Every structure is written in structure tokens, then in C-alpha cells.
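Observations on the three-dimensional arrangement
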Amino acid sequence: MRASLTLLLGLLAFCVISMDLALSIVYRRLAPHKRGTTLTVFTAAGLALLLFQMLDSWSALSFPEPVYQILGCIWLGLIALVASFMLMVVPVFACWAIGQPYRNPYRTIFILVAAAFLGVSLADIFVPGVVLDQIGLCLSLFDIFFCIIVMIRNRKGIDDRDVRVLVLTIFIVSLSLLPIVVVGIFSPLVRAIGVDIFLLAIAIVLLVFLFLSISRFIRLSGGQEKPEEEEKVDLSAYHITARESEVIELVGQGLTNKEIAQRLNLSVNTVNNHIANIFSKTGVRSRIDLLNLIHKGIWS
């Protein structure tokens, strides 16, 4: 029963995420600053996770118990590996959504969470136990819901309207599925199908987002819809130097300080100093505030 339900839901989610992956590749080519790379990696990892889950369920239905014991260990090990990788991708996706670089201490924290999840999941394969299973679930929930909360708290600072709607929708969907998550802590069956239900729901949300965003990009490129004119603001009072102007342009393209340093052949410390000077001159406190200022002004 459990294997059949997991296989059925997995097949449905696999179809939807396959469409997500195809559209994310198109989105990456159309989106400004190639920000769609994060979505492509995220959907590809989700697709791999579902593939191994379906192989595990199919093996349980198709092979005798001794054979499945061997195949099951292989599939579950691959599932644990891909799931731990996804736990590292989720915070990258959250930073992409709110327009902030993925940096320490969060990078270290989520790497440790993913490593702990991988260790617990692998241990659960060879020494099955409810406690280990629940620890793994709690680690994954911490990763996912922490990132969702960060995205919703910073939603008003997101410059892209479609991404703001995406973040709000993910938050609402996650809240609606919270009862399944809570019951899944105590029920192995609900826990098994709950993962597929959650992935399916998020995949549908991403599918709608990608479809609407791509449609808008096509309309804009085809001249059917004219983008709003940028509001010209007198920025001469900020006394921005030529080098700082270059840094600002690259910040507007979504590059991290390290990437800016590589692009301009500078050290990271020098870029950090430029960013600090820009913050001081413009009176902003974060990259999001700076991005909002960039979109209001024209930098030469």
C-alpha cells in the first residue's frame, strides 16, 4: 500500500517537475542576469530525488524481499545523498528570491544541517529506527521552514513582482500542508507520502510562476507590452566614483562580492570597502535597499 501510493504520487510529481525543469531552462535564457540558474539546479535536484524514490517503490513492488533489501539500500542511499544536496540548495533559492548573496554564517549552518541529515539518513538505512527517521525529518523541516520564513519576512524588498507572488504562494501552500507534516512525524505512511505531496505542491507553484514569467518576458521582448519607464533621480549628490558605479551595476546584476571582485580584477576586501562606501554615501543599509535605489535611478 505504502509503495503503491508513493509510486503513484511520485509519477505525478515527476511529470510536473519535468515540466518545471524544461521551463526553468527557458527562464534562465530569458530572465535578466541569468538568475534562473538557481531554479534549474533546484528543479533538477527535485527530479533526481523523485526518480530514486520511484525506483525504490518500484523495486519494493517488483522484486522479492531478499533482492529488494539490496536494491533498497542503493536507492535509499541515493535518496539521502540527493535530499541532503537539496537541503543546501533551498537556502540558495531563498537568497535568490530575496536578492541577497548566500554567505556565512548561514552557508556554514546549512552545510552542517545537510551533513547531519545525510549522516542520520544513512544510519537509518542500516539501523532502522523511528528516532533516526524523526531526527532526519526535523532537520529537513528546520531547513525548509527557516528559509520560507526568511523569504516571507523580506518579501516587500523583492524587486521582481512575480518572485514576490511566488514567495507568498509558497508560504501559503506550506502552511496548508503543515497538518500533514505534523502527522508525518508520528506516522511512517503519512511521512512517506507527505514528502511527495509537498514536492508536488511546490512543483505546481513553480510551474505557474515559470509559465507567467516566461509569458511576460516574451510579451516584453515582442513589444506587446512596454516596461515601465525608470524614474530618473538626481544621484550627483551621492558623489559616486567611477569604480563605485561599476560595482553598483554589478550588484544590480545580482553578482556577489566575490564575483564582482573577479569581474573587476579586484580583491574581495577592496570590493567590500567599495560596498561599505556606497552604503555610507547613499544611506542604505542592505543590498536590497541598494537594489531598490538602483531601480529608481539611472547610473552612468
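Residues numbered from 1 in each chain as written. Predicted model: local features only at pLDDT ≥ 70, side-chain atom pairs only at ≥ 80, totals over all residues. Heavy atoms only, no water.

1. So, the nonpolar core
Defined as follows: We call a set of buried residues a nonpolar core when its members are Ala, Val, Leu, Ile, Met, Phe, Trp, Tyr or Cys and they connect through side-chain atoms within 4.5 Å of each other. The rule is simple: take the accessible area with a 1.4 Å probe, protein chains only, and divide by the maximum for that residue type; under 20% is buried, over 50% is exposed, in between is partly exposed. A run of H or I in DSSP counts as a helix once it spans at least four residues, and a run of E counts as a strand once it spans at least two, with each numbered from the N terminus. Contacts: residue pairs with any heavy atoms within 4.5 Å of one another.
Residues Y27, L39, F93, W96, M151, L166 and F209 are the most contacted members of the largest nonpolar core, which totals 56 residues. Listed by contribution, the elements that provide at least two residues to this core are α1 (2-30), α2 (36-62), α3 (65-98), α4 (106-126), α5 (130-153), α6 (161-176) and α8 (188-221). If one sorts the elements of this core by residue count, α3 sits on top with 14 residues. Those residues within four positions of F93 in sequence are excluded, and the remaining contacts are T38, L39, M151, L166, I170 and L206. Counting residues in hydrophobic clusters, the runner-up holds 16 residues, among them L250, A261, I275 and L290.

2. Some details on the packing of α4 against α5
Each pair of packed helices can be summarised by the angle the axes make with each other and by the distance between the axes. For clarity, the cut-off: Lines fitted to C-alpha atoms define the axes, with helix axes restricted to the stretch in contact, and inter-axis angles between N-to-C directions lie between 0 and 180 degrees. Note on angle classes: values under 35 degrees are labelled roughly parallel, values over 145 roughly antiparallel, values of 65 to 115 roughly perpendicular, and the remainder oblique. By convention the crossing between two helices is left-handed if the near helix lies anticlockwise of the far one by an angle smaller than a right angle, and right-handed if it lies clockwise. Any residue outside Ala, Val, Leu, Ile, Met, Phe, Trp, Tyr, Cys, Pro, Asp, Glu, Lys and Arg is labelled polar, Gly included; the first ten of those are nonpolar and the last four are charged.
Taken N-terminus to C-terminus, the directions of α4 and α5 make an angle of 155°; their axes are 9 Å apart at the nearest point. Classed by the angle they form, the pair α4 and α5 counts as roughly antiparallel. Remark: the crossing between α4 and α5 carries left-handed chirality. Along the contact surface, α4 presents Y106, F110, V113, A116, F117, V120, A123 and D124, while α5 presents L132, D133, I135, G136, L139, S140, F142, D143, F146 and C147. In the contact of α4 with α5, the residues fall into 13 nonpolar, two polar and three charged.

3. Section: the packing of aromatic side chains
How we decide: Aromatic contacts are taken between Phe, Tyr and Trp rings whose centres are within 6.5 Å, Trp giving its six-membered ring; a plane angle under 30 degrees counts as stacked, one over 60 as edge-to-face, and the others as tilted.
Counted by the stated rule, this structure contains eight aromatic pairs. With centroids separated by 5.7 Å and ring planes inclined at 55°, the aromatic side chains of Y27 and F209 adopt a geometry described as tilted. Here F209 lies in helix α8 and Y27 lies in helix α1, a separation of 182 residues in the sequence. This pair shows no difference in class: Y27 is buried, exactly as F209 is. Ring geometry for Y106 versus F146: centroids 6.1 Å apart, planes at 45°, classification tilted. In this pair, Y106 is assigned in helix α4 and F146 in helix α5, connecting sequence segments 40 residues apart. Since its relative accessible area comes to 43%, Y106 is described here as partly exposed. Residue class for F146 comes out partly exposed when judged on its relative accessible area of 29%. Each residue in the set Y106, F110, F142 and F146 is aromatic and connected to the rest through ring pairs, giving one cluster.

4. Notes on the UniProt feature "transmembrane region" (unreviewed entry) in the protein chain
What counts, and what does not: UniProt positions are given in the numbering used here, feature names are shortened, and annotations may be inferred rather than shown by experiment.
Look at the UniProt record and you will see "transmembrane region" (unreviewed entry) annotated at residues 6-27, 39-55, 67-97, 109-128, 134-153, 165-186 and 192-212. The annotated region residues 134-153 carries 100% helix and 0% strand content, and the separation between its end C-alpha atoms amounts to 28 Å.

5. Here's the deal with the side chain of T282
Under the convention used in this document: Think of a polar contact as two N or O atoms within 3.5 Å of one another; within protein, one of them needs to be a possible hydrogen donor and the other a possible acceptor, and neighboring residues in sequence only count if both atoms come from side chains.
Locating T282 in the fold gives a position in helix α11 (residues 268-282). In this structure the side chain of T282 is engaged in a polar contact, spanning 2.6 Å, whose partner is the backbone oxygen of I278.

6. Things to note about unusual backbone geometry
Backbone geometry at N265 places phi at a positive 60°, although glycine is not the residue there. Tracing the backbone shows N265 in the loop between α10 (257-264) and α11.

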